[in-house]
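Here is what each chain is made of, one letter per residue.
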Amino acid sequence: NPLHSLFSGPHGKEHWSVRYPDCGGQAQSPIDIHTKSVQHDPTLPPIEPQGYRNPGDGAFTLRNNGHTVEMSLPRSMFLRGLPQTYVAVQLHFHWGSRGHASGSEHQVNGKAFPAELHIVHYNADSYANVSEAKQQADGLAVLGIFLEVGDVANPAYDNILNHLKSIQYAGEAIISIPPFDVHGLLPGQLGHYFRYNGSLTTPPCFESVLWTVFHQRAQISASQLERLQGGLYSNAENSLPVPLVDNYRAPQPLNQRKVFSSFP
Ligand code: SG4
Ligand code: ZN
């Protein structure tokens, strides 16, 4: 029972470092971003996602892996505006539970958001694949997008959320989601972001992620958020139902790190 053991109980997030020593490291994610201590770096360029709008002809696979809903992404999607070329691997979400305002992993000035989207990329200039890259300091780049509740449904997110009812249980997957405009999941202002060096937010917590957390939030409707919060289970079918909720890690100490912003 992956979620059960991953986020709560005797092997929950307070105990990760017993089996995964990196989870107790000095450069862990997520963090609480204190905007007063952030350093403006005017040389940070806007993020330029390439191939996001028309991500090829291969279908996407959407999977409930027991601790999140994850969608595979094609290599034709990659990022410009980072020190190397980072190629897309997958996206996934973190969220809370119904009626609660928290759910994001990162926070800003102590404030959490109802959910957070992560788009995971690996450094294809230096490494052959994501498994190799995720153990290297410059191996991964993850885009973090805060989700908040707005007045209207966000049609881009329906491309994912409409399918959750077919993958309610852990291990279930849909292998043929038609490609859609992934750029539509991003906030409008790609030039304004926070940047720092951190880690995977789940075991093995490797400190291999160049994080880009966008300042602007993406908005979804209250009922879209409820589909994420109430639509999935972390157990396989035919076993005791365990809702897949609260799959986020608490902010970790910043220690000696600095957080930069691309905007004043
Ligand atoms: C989620 O558990 C994903 O399912 C994992 O994906 C992911 O690990 C993990 O989150 C950590 O990623 O952006 N939150 S995060 O730091 O992408 C990786 C898989 O296990 C390596 C494939
Ligand atoms: Zn994540």
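Check the entry above for the structure.
As a starting point, this report considers the structure included with it. Fair warning: this is a prediction, and the values are worked out from it, not measured in the lab.

Observations concerning helix H5 (residues 222-230)
Think of an α-helix as 3.6 residues a turn; residues three or four steps apart then line up on the same face.
Okay, step 1: Listing the buried residues of H5 in full gives Gln 224, Leu 225, Leu 228 and Gln 229. Down the axis, H5 shows its buried residues gathered within 135 degrees of arc, on one side only.
Okay, step 2: Structurally, H5 contributes buried residues whose contacts are with strand E5 (69-72), strand E7 (86-95), strand E9 (115-123), strand E10 (140-149), helix H4 (155-161) and strand E14 (218-220).

Thoughts on the environment of Val 242
Okay, step 1: Among the structural elements, Val 242 can be located in the loop between H5 and strand E15 (260-261).
Okay, step 2: Separated by 47 residues in sequence, Val 242 and Arg 195 have C-alpha atoms that sit 35 Å apart.

Focus: the layout of surface pockets
Okay, step 1: Taken as a whole, the largest pocket encloses approximately 460 Å³ of empty space.
Okay, step 2: Along its surface, the largest pocket is lined by 23 residues, and Gln 90, His 92, Val 120, Leu 200 and Thr 202 are the ones closest to its centre.
Okay, step 3: Taken together, the elements giving at least two residues each to the lining of the largest pocket come down to helix H1 (2-7), E7, E9 and E10.
Okay, step 4: Element by element, the count of residues in the lining of the largest pocket is highest for E7, at four residues.

Examining the site of ligand 1
Okay, step 1: Around ligand 1, the surrounding shell holds 15 residues, and the nearest of these are Asn 65, His 67, Glu 70, Gln 90 and Thr 201.
Okay, step 2: At 3.3 Å from a nitrogen atom of ligand 1 is found a side-chain nitrogen or oxygen belonging to His 92.
Okay, step 3: Contact with the protein chains removes 82% of the 490 Å² of surface that ligand 1 exposes when unbound.
Okay, step 4: Judged by its atoms lying within 2 Å of the grid points, ligand 1 is housed in the largest pocket.
Okay, step 5: Of all the secondary structure elements, the ones that give two or more residues to the shell around ligand 1 are E7 and E9.

With respect to the coordination of the zinc ion (ligand 2)
Okay, step 1: Only His 92 (NE2), His 94 (NE2) and His 118 (ND1) from the protein coordinate the zinc ion (ligand 2), and they sit 2.0 Å from it.
Okay, step 2: Relative to the metal, the four donor atoms surrounding the zinc ion (ligand 2) lie at angles of 98 to 114 degrees, and the coordination shape comes out tetrahedral.
Okay, step 3: Each donor residue of the zinc ion (ligand 2) belongs to the same chain, and together they define the spacing H-x1-H-x23-H. With His 92 in strand E7 and His 118 in strand E9, this pair connects stretches of sequence that are 26 residues apart. Just as His 92 is buried, His 118 falls in that class too.

Remarks on the pattern of salt bridges
Okay, step 1: A full pass over the atoms with the stated rule returns four salt bridges.
Okay, step 2: In this structure, Glu 226 engages Arg 98 in a salt bridge whose closest nitrogen and oxygen atoms are separated by 3.1 Å. Taken together, the residues span a long stretch of sequence, with Glu 226 in helix H5 and Arg 98 in the loop between E7 and strand E8 (107-108) at a distance of 128 residues.
Okay, step 3: Classification of Glu 226 as partly exposed rests on a relative accessible area of 32%.
Okay, step 4: In this structure, Glu 148 and Arg 217 form a salt bridge, with 3.1 Å as the shortest nitrogen-oxygen distance. Pair noted here: Glu 148 is in strand E10 and Arg 217 is in the loop between strand E13 (209-214) and E14, with a separation of 69 residues, a long-range link.

Quick notes on unusual backbone geometry
Okay, step 1: Put simply, Ser 29 and Pro 30 share a cis peptide bond, and its omega is 0 degrees.
Okay, step 2: Secondary-structure assignment places Pro 30 in the loop between helix H2 (16-19) and strand E1 (32-33).
Okay, step 3: Of the consecutive residues Pro 203 and Pro 204, the connecting peptide bond is found in the cis state with omega at 10 degrees.
Okay, step 4: Looking at the element boundaries, Pro 204 is found in the loop between strand E12 (193-198) and E13.
Okay, step 5: One non-glycine residue with positive phi stands out, namely Asn 255, at about 55 degrees.
Okay, step 6: One can find Asn 255 in the loop between H5 and E15.
Okay, step 7: Take Asn 255: its relative accessible area is 34%, and that puts it in the partly exposed class.

Conventions and cut-offs
Residues numbered from 1 in each chain as written. Chains lettered and ligands numbered in written order. Predicted model: local features only at pLDDT ≥ 70, side-chain atom pairs only at ≥ 80, totals over all residues. Heavy atoms only, no water. Buried < 20%, exposed > 50% of the residue type's maximum accessible area, 1.4 Å probe, protein only. Helix = DSSP H or I, 4+ residues; strand = E, 2+ residues; numbered from the N terminus. Arc of directions from axis to C-beta. Contact = heavy atoms within 4.5 Å. 1 Å grid on protein atoms, 1.4 Å probe; cavity = no way out; pocket = protein on both sides within 12 Å on 5 of 7 lines; lining within 4 Å. Points joined across faces, edges and corners; volume = space filled by probe spheres on them. Near = heavy atom within 4 Å. Polar contact = N/O pair within 3.5 Å; in protein donor to acceptor, adjacent residues only side chain to side chain. Areas by Shrake-Rupley, 256 points an atom, 1.4 Å probe, with all protein chains shown as cover. Sits in = over half its atoms within 2 Å of the grid points. Donors = N, O, S within 2.8 Å, 3.2 Å for Na, K, Ca; no water. Tetrahedral: all angles 85-135°; square planar, octahedral: opposite > 155°, others 65-115°. Salt bridge = Lys/Arg side-chain N within 4 Å of Asp/Glu carboxyl O.

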